[in-house]
Structures are given as structure tokens and as C-alpha cells.
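These are the residues of each chain, in order.
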Amino acid sequence: MSLTTTRPPSTTGMPISNSLTAGKLPRSANLWLFFGSLAVSAAVFGVLFAGGITENYNIAGAVFFGVLLYCLTIWAVSRAVEGARKAKDRLVTALVSLAFTIALLPLISVAFTTITNGLPRFDIEFFTNSMRNVVGEGGGALHALVGTLLVTGAATLISVPIGLLTAIYLVEYGRGSLARGITFFVDVMTGIPSIVAGLFAYALFALLFNDPGIRFGFGGAVALSVLMIPVVVRSSEEMLKLVPNELREAAFALGVPKWLTVLKVVLPTSIAGIITGVMISIARVIGETAPLLIIAGFTASMNYDLFSERMMTLPVYVYTQYANQGADSQAYIDRAWAGALTLILIVALLNVAARLIAKIFAPKIAR
């Protein structure tokens, strides 16, 4: 079928051809104008930085003004080609994109600043050495990486069974005042400051061992577990509620006891969401500094024993490198930025792993 129609001859004797796509921007126009606007804005900010007008390259400003330029450009081009009505529609859509960009600007700024400042020390030495006997340049964060993995792993081993069993009780068994009380205290625990969890763990072990100066990695794991448990409970509870009651009723109709129904039907159906919630809870506590600074302490040496002596973690490493600078302050700041970049990458990998696990373990739906 032809995309053109022919009207009767005009007064000049020539046929007039009307294209069905006339007065409409091509589908790729949005992308071309968007990336073109970003490129123009990036170039302008690059000239300002190269000319010494600004001390640093402002990536957040470049993105913001690039999207703002895109809003104006798409409106002007659309008005000239498609008319005022379509231009207004495209402008509103572009403004929504601008609002989304404004919400992302802090993340963009933090990520860009951390990457640019952390790359100079993001090397092999940083991941293979500790800070033992290092007072200037060199050194690394191997002891902090090991401490973070040990403390966070122990906190996960404590939190996941408690949180999952609590969620199963609330969804499958809990009724009455006890269930309401547990729900209330889980909500309260969700909002407690992290430093309170550190003070709780410190007070607990100081009383148990009668040692006011106690510092060890397992105490940090207990403090992090206090923060993890309510997140695991809430996420697991919501996933268990999404399991259709028809599956439970079908199992009961076959004479399967309730505990076996939960184990063989409910948990396998919701396992993807539960694992995702666990990964998100790990990402939430892995960057905590205050509770670990109180109960786990900090050290410049390797420590593989959770139950003995102080243990360094990445958040505390970043804090101590910045707060306790030596004679060569730039070396300490570079290590702090590299530690922050490592922590951001770990959190990003945890979130990616959560999505992959959710996709792999999600129940297969028949087509």
C-alpha cells in the first residue's frame, strides 16, 4: 500500500502529494536531541573547567543543564514541525525526565566524585597490603576488606534465620496480641539509629565479659544484625504474603501438614523475593560506620578472628584515613577515596546479584 495519496490537480495543473508521516518527527529524534543537548552542555562545562573559571568539572551541573536544554530544544523543534499541541505533549514528557534527573543528581555527583578521586589509589597494592607500619604513602585496605566480609557474613548468619522464621510466624501462624506486638517492635527497630545498635552490642558484651574496653568483630556482627533483622522480616513477610492461598489450600487438600506446606510450597514460591530482600539488607548495613567504630574498633593489622581483638572494616577504614591524617595528608585522603569507591562497588555488585538471583530462582510460569 502506498504511503502517499494524490489529490485532484491544483490550479497549477500539478498533483499534490501528502505523506502520511508529514508533520511528525522521526522516532530517533528524541534520542538524538537528548544526547546532542548533553554533549553541548558537557562541552560548555568542559570549556569553563579548561579556562580555569571553575575549579572542578561539575558533572551534576552538566547533566542538569543538558536535560534542561533538551526540554527547550524538543519543544522548539516539535512546535516547528508538529504544531503547538504535540509540542506541549513532548514538553511535559521532557519535564518529567528533568524531574527524574534532578532526583538522580546527588547520586551522579557522588558517584562521579568518588570515581575520579578514588581511581589514583585503586591499584593492586591497595587490595594486597594492610596499613601495618605504614605512616605515609603506600599501604592498602586488605585488612579492612577481610574484616568487612567476616563481620557482614556473621551478621547475615545471625539475621537471616531469625528474620525469616519471624516472617513465617507472622504470615502463617501469628494471630492476636503477640503477632501485633512483634509487628510493632519490628517497625520500631526499623527506625532506630545505627549508633544505638552499636551501643546495645557494646553494653551487652561489656556486661557479659565484665570488660569496659571490649572490642571485637563478633560484637560488630551482633550490632549489624540488630539493623538487619527488621529489614529481613519486612521483606520476607511481604514476599510470603504474595504466595496465593490457593497453593496452600491445594496442599492441605492433599493432606500435607502445615509445616511441610510452608517448607515445600510457600518458601520455594517466594524464595526469589526473600533472597533479594536479604541481599538488600546486606547492602544496607555493609556501609555502617558508627556501630562498628564503637564495638569492633579499628586496627592497622590483619585479624581473621571474630572473637578476639579489634577488627577493621571498610567504613571505619575510610573514616580513620580521613580523620587521622598524618604528615602526608594527601596519601591518607587518596586511601579514603579508594576505600569509599570499593564500598560503593561492593554495594552495586550486591544489588546486581540480588536481581540475578531473583531472576534465576523466580518460579517458572507456563505459557
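Residues numbered from 1 in each chain as written. Predicted model: local features only at pLDDT ≥ 70, side-chain atom pairs only at ≥ 80, totals over all residues. Heavy atoms only, no water.

Draft legend 1. Expanded view of the overall build of the protein. Of the regular secondary structure elements, the protein holds 13 helices and two strands. Its C-alpha atoms give the protein principal-axis dimensions of roughly 105 × 75 × 35 Å. Across the 367 residues that make up the protein, the buried fraction comes to 37%. Contacts spanning at least 24 positions in sequence make up 70% of the contacts within the protein whose residues lie at least 6 apart. Carbon and sulfur atoms provide 69% of the accessible area of the protein, an area that totals close to 21000 Å². Side-chain charges in the protein split into 25 positive and 18 negative, and the spacing between the mean points of these groups amounts to 15 Å. (Helix = DSSP H or I, 4+ residues; strand = E, 2+ residues; numbered from the N terminus. Buried < 20%, exposed > 50% of the residue type's maximum accessible area, 1.4 Å probe, protein only. Contact = heavy atoms within 4.5 Å. Areas by Shrake-Rupley, 256 points an atom, 1.4 Å probe, with all protein chains shown as cover. Lys, Arg positive; Asp, Glu negative; His and termini not counted. Charge placed at Lys NZ, Arg CZ, Asp CG, Glu CD.)

Draft legend 2. Just the environment of valine 186, in detail. Positionally, valine 186 belongs in helix α6 (residues 176-190). Valine 186 sits 98 residues away from lysine 88 along the chain, and the two C-alpha atoms are 48 Å apart. Not counting residues up to four positions away in its chain, the partners in contact with valine 186 are Pro230, Val233 and Arg234.

Draft legend 3. Here's a closer look at the packing of aromatic side chains. Enumeration according to the criterion identifies 15 aromatic pairs in this entry. Relative to phenylalanine 185, the ring of phenylalanine 184 has its centre 5.4 Å away and its plane inclined at 70°; by these criteria the two rings are edge-to-face. Aromatic pair phenylalanine 205 and phenylalanine 209: ring centres 6.2 Å apart, planes at 20°, arrangement stacked. A residue pair is termed a helical-turn pair when its members lie 3 or 4 positions apart in one helix, as phenylalanine 205 and phenylalanine 209 do in helix α7 (residues 194-209) at four residues. Taken together, the ring pairs connect Phe205, Phe209, Phe216, Phe218 and Phe307 into an aromatic cluster. (Phe/Tyr/Trp six-rings, centres within 6.5 Å; stacked < 30°, edge-to-face > 60°.)

Draft legend 4. Inspection of a nonpolar patch on the surface at higher detail. The grouping of Ile115, Leu119, Phe122 and Leu345 at the surface amounts to a nonpolar patch, some 330 Å² of accessible area in total. Position of leucine 119 relative to the elements: it lies in the loop between α3 (84-118) and α4 (124-128). (Patch = residues over 30% accessible without salt bridge, like charges linked within 9 Å, V, L, I, M, F, W, Y side chains within 5 Å. Salt bridge = Lys/Arg side-chain N within 4 Å of Asp/Glu carboxyl O.)

Draft legend 5. Up close: the pattern of salt bridges. Applying the stated criterion to the full structure yields nine salt bridges. The residue aspartate 123 makes a salt bridge to arginine 121 at a minimum N-O spacing of 3.5 Å. In this structure, glutamate 172 and lysine 258 form a salt bridge, with 3.7 Å as the shortest nitrogen-oxygen distance. Taken together, the positions of glutamate 172 in helix α5 (residues 142-173) and lysine 258 in helix α10 (residues 258-285) put the pair 86 residues apart, joining distant regions of the chain. In this structure glutamate 172 comes out as buried when scored by relative accessible area, which is 6%. A relative accessible area of 30% means that lysine 258 is categorised as partly exposed.

Draft legend 6. Geometry of the packing of α7 against helix α8 (residues 217-241). At a minimum axis separation of 8 Å, α7 and α8 run at an interaxial angle of 135°. Relative to α8, α7 is oriented oblique. Both α7 and α8 take part in a crossing whose hand is right-handed. For the pair formed by α7 and α8, the contact residues are Ser194, Ala197, Gly198, Phe200, Ala201 and Phe205 on the first element and Phe218, Gly219, Val222, Ala223, Val226 and Leu227 on the second. (Axes fitted to C-alpha atoms, helices over the stretch in contact; angles between N-to-C directions. Parallel < 35°, antiparallel > 145°, perpendicular 65-115°, else oblique. Left-handed = near helix turned anticlockwise from the far one by under 90°.)

Draft legend 7. Local environment of the nonpolar core. In terms of nonpolar packing, the biggest core is built from 34 residues, with Val151 and Tyr317 touching the most fellow members. If you list the elements that add at least two residues to this core, you get α5, α8, α10, α12 (314-323) and α13 (329-361). If we ignore the near neighbours within four places in the chain, the residues touching tyrosine 317 are Phe126, Met131, Gly140, Ala141, His143, Ala144, Met312 and Arg335. In this structure, Ala29, Ile59, Tyr70 and Leu98 belong to the second largest nonpolar core, which totals twelve residues. (Core = buried A, V, L, I, M, F, W, Y, C linked by side-chain atoms within 4.5 Å.)

Draft legend 8. Local environment of the side chain of threonine 313. Its place among the elements puts threonine 313 in the loop between α11 (290-295) and α12. Ignoring anything within four residues of it in the chain, the contact list for threonine 313 reads Ala144, Gly147, Thr148, Val151 and Leu292.

Draft legend 9. Expanded view of α3. The end-to-end C-alpha separation of α3 is 48 Å, in line with the 51 Å expected for 35 residues at 1.5 Å each. The sharpest bend along α3 comes to roughly 45°, located at leucine 104, with the proline proline 106 sitting one to four residues further on. In this fold, the buried residues of α3 make contact with α1 (29-50), α2 (59-81) and α13. (Expected span 1.5 Å × (residues − 1). Bend = angle between axes of the 7 residues up to and from the residue.)

Draft legend 10. Region of interest: the side chain of threonine 148. By the secondary structure assignment, threonine 148 is in helix α5. When near neighbours in sequence (up to four residues on either side) are disregarded, threonine 148 contacts Gly153, Ile286, Met312, Thr313, Leu314 and Pro315.

Draft legend 11. Representation of unusual backbone geometry. Positive phi, normally seen in glycine, also occurs at asparagine 133, with a value near 65°. By the element assignment, asparagine 133 lies in the loop between α4 and α5. Of note, glutamate 309 is a non-glycine position whose phi angle comes to about 65°, a positive value. By the secondary structure assignment, glutamate 309 is in the loop between α11 and α12.

Draft legend 12. Spatial organisation of the confidence of the model for the protein. Confidence in the prediction for the protein averages 86 pLDDT; 92% of positions are at 70 or higher. Scored below 50 in pLDDT, residues 1-7 makes 13 contacts in the model with residues more than four places away or belonging to other chains. Segment residues 10-21 is flagged for pLDDT under 50; beyond a separation of four residues in sequence, or across chains, it makes 15 contacts in the model. (pLDDT = per-residue confidence, 0-100.)

Draft legend 13. Focus on the environment of tyrosine 304. One can find tyrosine 304 in the loop between α11 and α12. For tyrosine 304, a relative accessible area of 59% translates into the label exposed. Along the primary structure tyrosine 304 and asparagine 117 are separated by 187 residues, whereas in three dimensions their C-alpha atoms are 30 Å apart. Leave out the neighbours within four places in its chain, and tyrosine 304 touches Val146, Leu150 and Met311.

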